[in-house]
Amino acid sequence: MLCTRDMSSLTKRFLLCHRLRLVTSQAQLRHISQEHSSQKFYRQSRSVSRQTSERHVSTFSSERKVLQRNRAAQFDNHQQFDYLRDGIAEILTDRISDISRDFPSIVDLGAGKGHVARHVNTFITQHVTECDTAHACLSLPRDPVAGLTTEQVLLEAEDVLPFEDNSKELIISNLWLHWVNNLPKLFKEVERVLIPDGVFLGAMFATDTIYQLRVSLQQAELERTGGIASHISPFVTPQDIGSLLNSANFCMITLDCEELTVTYPDLYFLLRDLQGMGENNCLISQPSLLRRDVLTGAAAIYHDLYADPTDSSLPLTFNILYFIAWKRSATQGVPKPRGSHSASIADLDKIINSTPSS
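This structure is a prediction, so every number in the text was calculated from the model and none was measured.

Trainee: A description of the environment of Ser233 should follow, citing residues and the corresponding values.
Mentor: Here Ser233 lies in the loop between α7 (211-225) and α8 (238-247). By relative accessible area, Ser233 is classed as buried at 4%. On a C-alpha basis, the gap between Ser233 and Thr59 in space is 9.1 Å, while along the polypeptide they are 174 residues apart. Those residues in contact with Ser233, other than ones at most four positions away along the chain, are Phe60, Trp179, Arg214, Asn281, Cys282 and Leu283.

Trainee: Residues and numbers for unusual backbone geometry, please.
Mentor: Positive phi, normally seen in glycine, also occurs at Asn166, with a value near 50°. Tracing the backbone through its elements, the reader meets Asn166 in the loop between β3 (149-154) and β4 (168-174).

Trainee: Describe α7, with residues and values.
Mentor: In a regular helix each residue adds 1.5 Å, so 15 residues correspond to 21 Å; α7 covers 21 Å between its end C-alpha atoms and thus fits that length. Among the 15 residues of α7, 11 are classified as buried, and the element is accordingly described as predominantly covered. Turning to α7, its buried residues are Tyr211, Gln212, Leu213, Arg214, Val215, Ser216, Leu217, Gln218, Gln219, Ala220 and Glu221. The positive-phi residue at the C-terminal boundary of α7 is Gly226, with phi of around 80°.

Trainee: An account of the packing of helix α6 (residues 183-193) against α8 is requested, with residue identities and associated values reported.
Mentor: It is the contact of α6 with α8, at a shortest axis distance of 9 Å, that shows an interaxial angle of 45°. Classified by the angle their axes make, α6 and α8 are oblique. Crossing of α6 against α8: the hand is right-handed. When α6 is examined against α8, the residues Leu183, Pro184 and Phe187 are found in contact with a partner set consisting of Ile241, Leu244 and Leu245. Class assignment of the residues belonging to the contact of α6 with α8 gives a composition of six nonpolar, no polar and no charged.

Trainee: Let's hear about the nonpolar core: which residues, and what values?
Mentor: Residues Leu213, Leu316 and Phe318 are the most contacted members of the largest nonpolar core, which totals 51 residues. If you tally residues by element for this core, the top one is strand β7 (residues 314-327), at seven residues. Not counting residues within four places of it along the chain, the set of residues in contact with Leu316 comprises Ile210, Gln212, Leu213, Leu260, Thr261, Val262, Tyr264, Leu270, Leu274 and Tyr302. Judged by nonpolar contacts, the second largest core, of 29 residues, contains Cys131, Val153, Leu186 and Val236.

Trainee: Residue-level account of the packing of aromatic side chains, with values.
Mentor: Tallied over the entire structure, the rule returns nine aromatic pairs. Ring plane angle 70° and centroid distance 5.0 Å describe the contact between Phe200 and Phe323, whose orientation is recorded as edge-to-face. Of this pair, Phe200 sits in strand β5 (residues 194-205) while Phe323 sits in strand β7, placing them 123 residues apart in sequence. Relative accessible area serves as the criterion here: at 0%, Phe200 is assigned to the buried category. A ring pair is formed by Phe205 and Phe235, whose centres lie 6.4 Å apart and whose planes are at 75°; its orientation type is edge-to-face. With Phe205 in strand β5 and Phe235 in the loop between α7 and α8, this residue pair connects regions lying 30 residues apart in the sequence. Exposure class is identical for Phe205 and Phe235. Each is buried. Among the aromatic residues, ring-to-ring pairing joins Phe187, Phe200, Phe250 and Phe323 into one connected group. Lys65 extends its terminal NZ or CZ atom over the ring of Trp179, reaching a point 3.8 Å from the ring centre. A cation over an aromatic ring shows up here: Arg95 above the ring of Tyr322, its NZ or CZ 4.2 Å from the ring centre.

So, how was this worked out
Residues numbered from 1 in each chain as written. Predicted model: local features only at pLDDT ≥ 70, side-chain atom pairs only at ≥ 80, totals over all residues. Heavy atoms only, no water. Helix = DSSP H or I, 4+ residues; strand = E, 2+ residues; numbered from the N terminus. Buried < 20%, exposed > 50% of the residue type's maximum accessible area, 1.4 Å probe, protein only. Contact = heavy atoms within 4.5 Å. Expected span 1.5 Å × (residues − 1). Axes fitted to C-alpha atoms, helices over the stretch in contact; angles between N-to-C directions. Parallel < 35°, antiparallel > 145°, perpendicular 65-115°, else oblique. Left-handed = near helix turned anticlockwise from the far one by under 90°. Nonpolar A, V, L, I, M, F, W, Y, C, P; charged D, E, K, R; others polar. Core = buried A, V, L, I, M, F, W, Y, C linked by side-chain atoms within 4.5 Å. Phe/Tyr/Trp six-rings, centres within 6.5 Å; stacked < 30°, edge-to-face > 60°. Lys NZ or Arg CZ within 6 Å of the ring centre and 35° of its normal.

By themselves, these are just geometric observations and shouldn't be taken as functional.
Set out below in structure tokens:
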């Protein structure tokens, strides 16, 4: 939670003197947002039906994203923007501890500033290999837990892993995969690198992330320019990730989602934090810069639609998709054939009650 501050006088005057007519309901705005940005995105690059095609269409500019993340890592106050990744890293490392297995070493994809290494316990692993495409993030001083060693590996490409086949026990990724252009290829690389019965664990932003900002920008731009542009990147759905993991030959796939809401005093603090996280827009078809009147209008719409009535703070929702998948192995348990059951689930109560207690 950030400390609040008064809105700019320009925004206040805009709110008082020119109250916007919100001609579309909140639900309709979210529908417009998804129709405009998500459908084209999935048709072009992440449609599961096209993942076997040799020709791949990139959605994001990888070079621009590396530049944005390098700049964010060089901010004097860059640590104050780590709250989201640090929080998710703690959740992921807690989930690793639920696996009753020792991992001599783990690989952290998109390690950034070493968020996972700050929270992993030494009884889980003694070594973390941190991989990233942003050299400025990897070059920052590390602060791992006592007794843990780390190694930094700069990736030449986001979807190629410089490791031998069947060489790693666990690969983890913390809020990095949503910027990868070719997820099918990366997932197959992860499957290649993992040992049989190895674990792939991760968290990424999913659909409806920062929908409040998307709706506000698109409504403001529509009213002033007569059209909308993709100022915010599209996000995947859980169904797509499940299908891609299955197509990469993973098994025992488990997905779950969690909504996290962070509040900000105004739109300008919000945009500053997104930039500090390195989450700037990097679409290849990125539109021109936002006009000042569009940004001012978006601030007013955001306040009208979503502001907390008690303190006027602005909520921003992050939809986090967690997943875990396992590389296939002959030693894994397999489900029995359909129809081979000897009891009905309708009789579960009777079975439990008839079982003598020890």
